[in-house]
Structure formats: C-alpha cells, structure tokens
Amino acid sequence: MNIVIFGPPGAGKGTQSKFIVNKFNLYQLSTGDLLRKEIKDKTQLGSEISSIINSGELVSDKIVSNLIEKFVSNETYRHKIIFDGYPRTLNQAKNLDNLLKKYKQKIDIVLKLSVSLETIKKRILERQIREQRTDDNEEIAIKRYKTYEKSSEPVIDYYKKSNLFKVVNGEAGISEINSEISGLIDTIKGWL
Ligand code: AMP
C-alpha cells in the first residue's frame, strides 16, 4: 500500500509517518529529509537549495520529482511507500500519479493532518529547540505555513475528487492521532 501524508509544516507528518512505517511495515519517503541530507552532505544540489529552504519557499518541482523517482523505481519499496511532504503542489500531485502509473503502482490513501496556525507555531518552536532545524523559527514558520496555504488548496481539491482523501484531526494528542490513522488504514487494507 502507498500512502500520502499531507498537511502544513509542523502538523506532525514526520511523527505520524514513523508510526505508520513501524506498524504497517512501510518506508518513509520524506522529501524534506532528503533535501536536508543534500545540504548536510554539501552536494552541488545542497548548495543550490539551502537558501530556498531557509527562506520557507518550495524548491522546484523538477528537483523533488527527481528525488522521488529514485524511490518509486526501486523494487524494495514497491507499494510500500509513505510519501511525507510530497506532493505539495498540483503539478507534483499529477507527476506522482504519472510516476506511479509508469511503475504500475497507485496511491491507496491520502491522509490530511488538519492543524491550526497557532498550534503549528507552538510545535515548530518546540522542534527548533529539539532538532535545531535552521528553517524552524516563528517568522519562517509563518512563511512556510503561508506557502503551504497557497500551494495546498489545488492539491486538496485534486485528491478530494477521489475517495482516497481522509482528514485527520491533527490537533489531538499523538496516540489519538495514531489510532485514528490506524483505523483509516485498516479500512483500506480490507480491500487491497
Ligand atoms: P519539510 O521537512 O517537509 O517541512 O520540508 C522542508 C522544506 O523542504 C520545505 O519548506 C521546502 O523548502 C522543501 N521541500 C520539502 N518537500 C518539498 C516538496 N515536495 N516540494 C518543494 N519543496 C519541498
């Protein structure tokens, strides 16, 4: 089963992805983590994208689609991917469908974590202390939320057209969100 986890920065996508990976034996594909690794490894791509990431903007669709094709084309991950932080634009959503079609796969469920800006500000500041992410401070958090609001609407509309789209209350506690997500995944497992 392939899952898309969707939501604003700080919604808990990474935390929930890790839970799903363990419970359902999947692999997490976080475009944010892959991009941060390029910066940490000081690659050519890393130097091109670091200022974009630190300003809270999105990197180009082409860069992220190249990163995800490496995963989707790999037999090890076949039908076992949780897409965390991808797609973020309509173009990326369409690209993901085409890519999955090319490798004879599909998305089985899209989980949207719904969280208010107030909660996000609070969580991002906590994460900044914990993980020392250079793009986590209040000003950039708001910028990233605004970027999300602008680009996410067409993606949500795109997925709402299928009955794959499920909204999860991201304001709840971590274990409550875990249970809600497990319940939703269990319902689709029945017909896979
Ligand atoms: P994340 O860890 O998912 O919050 O991503 C951190 C940053 O990486 C984002 O603010 C973007 O600058 C960049 N990024 C991650 N995923 C994508 C994506 N799918 N498209 C464009 N930029 C992305």
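Here, the structure is the one placed above.
Residues numbered from 1 in each chain as written. Predicted model: local features only at pLDDT ≥ 70, side-chain atom pairs only at ≥ 80, totals over all residues. Heavy atoms only, no water.

Participant: Can you tell me about the pairing of strand 3 (residues 81-84), naming the residues and giving the values?
Facilitator: On strand 3, burial covers both faces: Ile 81 and Phe 83 on one face and Ile 82 and Asp 84 on the other are all buried. When strand 1 (residues 3-6) meets strand 3, the two strands line up parallel, connected through three bridges. Along strand 3, the bridge assignment pairs Ile 5 with Asp 84. Two strands pair when backbone bridges link them, and strand 2 (residues 27-30) and strand 3 are joined in this way by four bridges, in the parallel orientation. (Buried < 20%, exposed > 50% of the residue type's maximum accessible area, 1.4 Å probe, protein only. Helix = DSSP H or I, 4+ residues; strand = E, 2+ residues; numbered from the N terminus. Pairing = 2+ DSSP bridges.)

Participant: So, the packing of aromatic side chains: which residues are in play, and what are the values?
Facilitator: Taken as a whole, this structure holds five aromatic pairs when the rule is applied. Pairing Phe 6 with Tyr 148 gives two aromatic rings, centres 5.8 Å apart and planes at 50°, and the pair type is tilted. Pair noted here: Phe 6 is in strand 1 and Tyr 148 is in helix 7 (residues 138-160), with a separation of 142 residues, a long-range link. Accessibility expressed as a relative area gives 4% for Phe 6, which makes it buried. A ring pair is formed by Tyr 145 and Tyr 148, whose centres lie 6.3 Å apart and whose planes are at 45°; its orientation type is tilted. Of the two residues, Tyr 145 and Tyr 148 are both situated in helix 7; the distance of three residues between them amounts to about one turn of the helix. Exposure class is identical for Tyr 145 and Tyr 148. Each is buried. Connected via pairs of aromatic rings, a cluster forms that spans Phe 6, Tyr 145 and Tyr 148. (Phe/Tyr/Trp six-rings, centres within 6.5 Å; stacked < 30°, edge-to-face > 60°.)

Participant: Account for the site of the ligand, with residues named and values stated.
Facilitator: Around the ligand, 16 residues are found, and the nearest of them are Thr 31, Glu 57, Arg 88, Gln 92 and Arg 144. At 2.9 Å from an oxygen atom of the ligand is found a side-chain nitrogen or oxygen belonging to Arg 36. Protein contact buries 96% of the 480 Å² of open area that the ligand shows by itself. Counting residues per element, the shell around the ligand draws most heavily on helix 2 (residues 31-40), at four residues. Classifying every residue of the shell around the ligand gives six nonpolar, four polar and six charged. (Near = heavy atom within 4 Å. Polar contact = N/O pair within 3.5 Å; in protein donor to acceptor, adjacent residues only side chain to side chain. Areas by Shrake-Rupley, 256 points an atom, 1.4 Å probe, with all protein chains shown as cover. Nonpolar A, V, L, I, M, F, W, Y, C, P; charged D, E, K, R; others polar.)

Participant: So what about the packing of helix 2 against helix 4 (residues 61-72)? Which residues, and what values?
Facilitator: Following both chains from N to C, one finds helix 2 and helix 4 inclined at 100°, their axes separated by 11 Å at the closest point. Overall, the two elements helix 2 and helix 4 adopt an arrangement that is roughly perpendicular. Residues Thr 31, Leu 34, Leu 35 and Glu 38 of helix 2 form the contact with helix 4, whose participating residues are Ile 63, Val 64, Leu 67 and Ile 68. Looking at the contact of helix 2 with helix 4 residue by residue, the class counts come to six nonpolar, one polar and one charged. (Axes fitted to C-alpha atoms, helices over the stretch in contact; angles between N-to-C directions. Parallel < 35°, antiparallel > 145°, perpendicular 65-115°, else oblique. Contact = heavy atoms within 4.5 Å.)

Participant: Lay out the pattern of salt bridges in plain terms, naming residues and giving numbers.
Facilitator: For the structure on display, the rule yields seven salt bridges. As a salt-bridge pair, Lys 37 and Asp 41 come within 2.6 Å of each other at their nearest N and O atoms. Since its relative accessible area comes to 41%, Asp 41 is described here as partly exposed. Taking the shortest distance from any N to any O, the salt bridge between Glu 138 and Lys 121 comes out at 3.9 Å. Of this pair, Glu 138 sits in helix 7 while Lys 121 is found in helix 6 (residues 117-131), placing the two residues 17 residues apart along the sequence. Assessed through its relative accessible area of 37%, Glu 138 is described here as partly exposed. When salt bridges with common partners are traced through the structure, they connect Glu 118, Lys 121 and Glu 138 into a single cluster. (Salt bridge = Lys/Arg side-chain N within 4 Å of Asp/Glu carboxyl O.)

Keep in mind that these numbers describe shape and distance, not what the molecule does.
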